[in-house]
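# Architecture at a glance
What follows is the residue order along each chain.
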Amino acid sequence: MLFAYDTTTALAAAAALVNSARTDEDTISTVAELGDFLDTHEFTGRRDRTRAELGAVQDLRDRIALFWEMDRDEAAEAVNAMLRETHALPYLSRHDGLDWHVHVTDVNDPLADRLAAEAAMAMADLIRADQFDRLGHCAGDDCTLVIVDLSRNRSRKFCVERNCGNRANVAAYRQRQADETDDSED
Ligand SMILES: [Zn+2]
Ligand SMILES: [Zn+2]
């Protein structure tokens, strides 16, 4: 395992948060959709289920997206700013069937602060391991989605959300078919 479970799950959640605004329809546009997102990523702790909380998460989403545009040094500054702003303070926690893992905010802190601090901690892990280039963009045609490639051989090229890998395979297959047809006509 390259990274701790906390880190891999937080990175997946951060990428999914960013991508929620980049699919054809914003998939975190309502309080209920935000709830679904949190359930999917097994995010525990306080939930207000208010428009204000949703707005704060949407603002955070734009901010987290910037990590994919930053170099490693810029990202380090951004991580520090987020940890400062959210008053991050590490402690070990064991809950909901999860063994000891690090939390840096209180379960009663505002949701957007807790999401921000977790994303910042996960980015910190990438930066200090000199693996910040694991953040990337989907190689699919016309796809603006972000990816986190935590595979051992750095083989991940495509996003999951739009299934771009599969679409690229189909396109390559059709191209081969077309080429073969052209060849037989020659
Ligand atoms: Zn936890
Ligand atoms: Zn894609």
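Described in the following lines is the structure provided in the data block. No experiment lies behind these values; they were computed from the predicted model shown. (Residues numbered from 1 in each chain as written. Chains lettered and ligands numbered in written order. Predicted model: local features only at pLDDT ≥ 70, side-chain atom pairs only at ≥ 80, totals over all residues. Heavy atoms only, no water.)

### Quick word on the overall build of the chain
- If you tally the helices and strands in the chain, you get six helices and four strands.
- Listing the helices and strands of the chain from first to last along the sequence gives α-α-α-α-β-β-α-β-β-α.
- Seen along its three principal axes, the alpha-carbon backbone of the chain occupies a region of about 70 × 35 × 35 Å.
- When each of the 186 residues of the chain is scored for burial, the buried share is 38%. (Helix = DSSP H or I, 4+ residues; strand = E, 2+ residues; numbered from the N terminus. Buried < 20%, exposed > 50% of the residue type's maximum accessible area, 1.4 Å probe, protein only.)

### Quick look at the pattern of salt bridges
- In total, this model carries seven salt bridges according to the counting rule given.
- One salt bridge in this structure joins Glu 85 and Arg 63, with 2.9 Å as the shortest N-O distance. Pair noted here: Glu 85 is in helix α4 (residues 72-85) and Arg 63 is in helix α3 (residues 51-65), with a separation of 22 residues, a long-range link.
- Using a relative accessible area of 47% as the deciding quantity, one classes Glu 85 as partly exposed. (Salt bridge = Lys/Arg side-chain N within 4 Å of Asp/Glu carboxyl O.)

### Quick notes on the coordination of the zinc ion (ligand 2)
- The zinc ion (ligand 2) binds to the protein through Cys 138 (SG), Cys 143 (SG), Cys 159 (SG) and Cys 164 (SG); the donor distances cover 2.3 Å.
- For the zinc ion (ligand 2), the four donor atoms in the first shell make angles of 106 to 115° at the metal, a pattern classed as tetrahedral.
- Note on Cys 143: relative accessible area 11%, which makes it buried.
- Accessibility expressed as a relative area gives 5% for Cys 159, which makes it buried. (Donors = N, O, S within 2.8 Å, 3.2 Å for Na, K, Ca; no water. Tetrahedral: all angles 85-135°; square planar, octahedral: opposite > 155°, others 65-115°.)

### A look at a nonpolar patch on the surface
- A cluster of nonpolar side chains, Leu 92, Trp 100, Val 102 and Met 121, forms an exposed patch at the surface whose accessible area comes to about 380 Å².
- Along the chain, Leu 92 falls in strand β1 (residues 91-95).
- Assessed through its relative accessible area of 56%, Leu 92 is described here as exposed. (Patch = residues over 30% accessible without salt bridge, like charges linked within 9 Å, V, L, I, M, F, W, Y side chains within 5 Å. Areas by Shrake-Rupley, 256 points an atom, 1.4 Å probe, with all protein chains shown as cover.)

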